[in-house]
Amino acid sequence: MNRRGFIAAGGAACCALAAASAGAQDAWLAPARFSRPDLSTDEGGLWAMMDREERNLRRSPFVIRDRALNEYVQGIACRLAGDHCPDMRVHIVNTPLFNASMAPNGMMQVWSGLLLRVENEAQLAAVIGHEIGHYLEKHSLERLRDARSASAFAQFIGLFGLVGALGQLAVLAGMFSFSRDQERRADVIGATLMHRAGYDTGEAAKIWSNLLLELKARPDGDPALKSPMFATHPPADERSDTLARLAATLGGGATNADVWEQKIRPFRREWLLEEIKRGQHEESLALLDRMSGGSTAVPDYRYARGEVYRLRAKEGDLDLALEDFRAAAALGGEPPETHRALGLIYRIRRQPAEAKASFLRYLDMAPAAPDQAMIKSYMEELGS
Amino acid sequence: MKRIVLLCAVLVLSGCVSIAKIETGQHAVGDRLTVNIEGAWNHINAPGMGPAQVWTMEGMAVDQLLLYSGIRDGQAVHSGGGNDNQKSMTYRSNMQPDEIAALFEGMLTRDGSRYRLSKLEPVSLGDLKGLRFEYSLVRKIDNVQLAGVGYAATSRGELFALLYMAPRLVFYPRHIARVEHIGQSMRIKP
Ligand SMILES: [Zn+2]
């Protein structure tokens, strides 16, 4: 099974569902805090598995350990979770895909690809609130107890052995993908928690319409036609509509866009590079079109989009790339690699003077760049 | 690592794997590439392994030396094709040195592993101008931190390359001198 595809599709699909009924949120009351279930029960077994996964995760080089960022995201989860705050443990994982998940033992994972994509704190709160919704309603346990899932689980353990199965958690999570009803519930709870924590619930709908833009940009067309997850669930645009209607009944609230911008800024350059390296040019362009069209003029978005064009290198792409790189440089504060990329294009186009000037600028701005020697040899080739 | 071990186990059981010992001396890889070896390596051969020869000192799940000889325009540098979520990394004959380094980076990160280039420099391989690069890699399937080195050059539109990687603390330092020696010894027939 293609793990990446599964996660990407699962992450989107997990959230691509649900027709939430407005009004239901008033009646909903959070349960009391959970105590650790007995190890001899199925729930206890599930927790033990997740505890083990969490121990591995803590050691993982993929975890982002920056304290300020962790405290910030943990704080958002805490505000949403209310009394359950002490049981929430957020782990930020460096993976350039849209995904968040929450295990029954309180381990929450937020992937960097999600943080790159959301536009403000309220949007992240919407995803986290939704995941907390699954947690509060013990949806994983429900799935485990579902007869079909249980036999699938047994088969799975049989196939890999318990240890192997633990290493295949992503696949496992996919097998326990939530039902349409559960997603609907999680949406309602998520919006309710958002509202209670003072967030603008209108932001929840935007996440799914934004994600849909990316998925629809894939060269293989509408994901609903390709992915089995999308095929069995209501489309993301339906969900976006329902969430918007739900938000209309829960007015007011903040987006905290400024705080968000400030907290994310130190990481964005790195996350954008990871996004470019996925090699999914059309999805990245959809994402970067949206991001670079935002109100804040961030040179990194222009550089990143130029780089996607440069690497895709279809007819006309190098011109578009040049335009973005020049715009990034004009904004100021651009990544040094902007000038390397300009130099590489000028070099291929046999514009030696421009190429050398750009390379020089790059070497100047990035004196410790790993490719200094190669760039210098390019400059020597260009002559004087 | 588990997946690789499992793969090896399956292949060994099915009897398709052959392991040949490569002894000290000069070796031809494909039609046009020769290298000089000091010390013995194991050449792993199994169906579906892709366009590179795979050599190892410690076992495939630990260290790997990939040798590419005569990769043509449009040919992928890995086994299997691309799909929705895994880019296919294909050599193009007009690739520049920076693009060749990026090609191997793309190949090594197809499974979500994390790559960091630490050096990219020109190198002379006989009469040919080539490139040499160093990198680190955090392998996605088991979080093992690897270090690696690569050599590459193109000739008559074909790609020739060597790629080595091993866990960075023990195995990489143990074998890197031999690997550099092999890299420097790469000669491509005109
Ligand atoms: Zn969900």
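Residues numbered from 1 in each chain as written. Chains lettered and ligands numbered in written order. Predicted model: local features only at pLDDT ≥ 70, side-chain atom pairs only at ≥ 80, totals over all residues. Heavy atoms only, no water.

Looking only at helices and strands, chain B has 3 helices and 11 strands in total. Start at the N end of chain B and walk to the C end: the helices and strands fall as α-β-β-β-β-β-β-α-β-β-β-β-α-β. In chain B, which comprises 190 residues, the share counted as buried stands at 49%. Within the structure as shown, chain B displays about 8,400 Å² of accessible surface, and the carbon and sulfur contribution to it stands at 52%. (Helix = DSSP H or I, 4+ residues; strand = E, 2+ residues; numbered from the N terminus. Buried < 20%, exposed > 50% of the residue type's maximum accessible area, 1.4 Å probe, protein only. Areas by Shrake-Rupley, 256 points an atom, 1.4 Å probe, with all protein chains shown as cover.)

Moving on, we get to the overall build of chain A. Along its length, chain A carries 20 helices and 3 strands. Here chain A, with 384 residues, has 56% of them falling under the buried criterion. Pairs at least 24 apart in sequence give 68% of the contacts found in chain A among residues at least 6 apart. On chain A, roughly 16,200 Å² of surface is accessible, and the fraction owed to carbon and sulfur atoms is 53%. (Contact = heavy atoms within 4.5 Å.)

Glancing now at the pattern of salt bridges. Residue and element names in this part refer to chain A. Inspection of the entire model under this criterion finds 40 salt bridges over all chains. In this structure, D51 and R36 form a salt bridge, with 2.9 Å as the shortest nitrogen-oxygen distance. Taken together, the residues span a long stretch of sequence, with D51 in helix α2 (residues 42-59) and R36 in the loop between α1 (3-14) and α2 at a distance of 15 residues. Where E282 meets R312, a salt bridge forms, and the shortest distance between an N and an O atom there is 2.9 Å. Taken together, the residues E282 in helix α15 (residues 281-292) and R312 in helix α16 (residues 299-312) connect sequence positions 30 residues apart. For R312, a relative accessible area of 22% corresponds to the partly exposed category. What you see here is one network of salt bridges that share partners, running through R117, E214, E275, R278 and E283. (Salt bridge = Lys/Arg side-chain N within 4 Å of Asp/Glu carboxyl O.)

Attention now goes to the confidence of the model for chain B. All names here are of chain B. Of all residues in chain B, 89% attain a pLDDT of 70 or more, and the chain-wide mean is 90. The spread of mean pLDDT over the elements of chain B runs between helix α1 (residues 2-13), the lowest at 50, and strand β10 (residues 158-167), the highest at 98. Every residue in residues 1-6 is under pLDDT 50, and counting partners more than four places away or in other chains gives 13 contacts. For this predicted complex, the interface confidence comes out at an ipTM of 0.90, alongside a pTM of 0.85. (pLDDT = per-residue confidence, 0-100.)

This paragraph deals with helix α14 (residues 257-277) of chain A. At A:R265, α14(A) shows its maximal kink, close to 55°; a proline, A:P266, follows between one and four residues later. Turning to α14(A), its buried residues are A:W260, A:E261, A:I264, A:F267, A:R268, A:W271, A:L272, A:E274, A:E275 and A:I276. Lining the buried residues of α14(A) we find α3 (67-81), α4 (112-117), α5 (121-136), α15 and α16 of chain A together with β7 (114-125) of chain B. (Bend = angle between axes of the 7 residues up to and from the residue.)

Moving on, we come to the environment of A:D324. Residues and elements named next belong to chain A. Structurally, D324 is set in helix α17 (residues 317-331). Note on D324: relative accessible area 2%, which makes it buried. Taking the C-alpha atoms as reference, D324 lies 9.9 Å from L342; in sequence the two are 18 residues apart. If near-sequence neighbours (up to four positions away) are discounted, D324 is found in contact with R302, R305, G306 and Y309. Of note is the side chain of D324, whose polar atom sits 2.7 Å from the side chain of R302. (Polar contact = N/O pair within 3.5 Å; in protein donor to acceptor, adjacent residues only side chain to side chain.)

All right, on to the pairing of strand β9 (residues 145-155) of chain B then. For a regular strand, side chains alternate in direction, first toward one face of the sheet and then toward the other. Residues and elements named next belong to chain B. Taken across its 11 residues, β9 has 9 buried, putting it largely inside the fold. Two strands pair when backbone bridges link them, and strand β8 (residues 128-138) and β9 are joined in this way by 8 bridges, in the antiparallel orientation. When the sheet's bridge partners are listed, E134 is paired in β9 with V149. Where β8 folds back on β9, the antiparallel hairpin that results is connected by 6 residues, among which N143 adopts a positive phi of roughly 65°. Alignment of β9 against β10, held across 10 bridges, turns out to be antiparallel. Of the residues in β10, the one forming a bridge with A152 is A161. (Pairing = 2+ DSSP bridges.)

Our next topic: the sheet that holds β7(B). Residues and elements named next belong to chain B. What the 8 strands build is an open sheet, ordered β1-β4-β5-β6-β10-β9-β8-β7; its pairing is antiparallel. Among the strands making up the open sheet, the edge pair consists of β1 (18-22) and β7. Taking the axes of each pair of neighbouring strands and ignoring which way they run, one obtains an average angle of 20° across the sheet. Here 3 bridges tie strand β4 (residues 41-45) to strand β5 (residues 53-56), and the two strands are oriented antiparallel to one another. Within the sheet, the bridge partner assigned to H43 lies in β5 and is W55. Where helix α2 (residues 97-108) meets the sheet, it contacts β6 (64-71), β7, β8, β9 and β10, and its direction lies at approximately 50° from that of β10. (Axes fitted to C-alpha atoms, helices over the stretch in contact; angles between N-to-C directions.)

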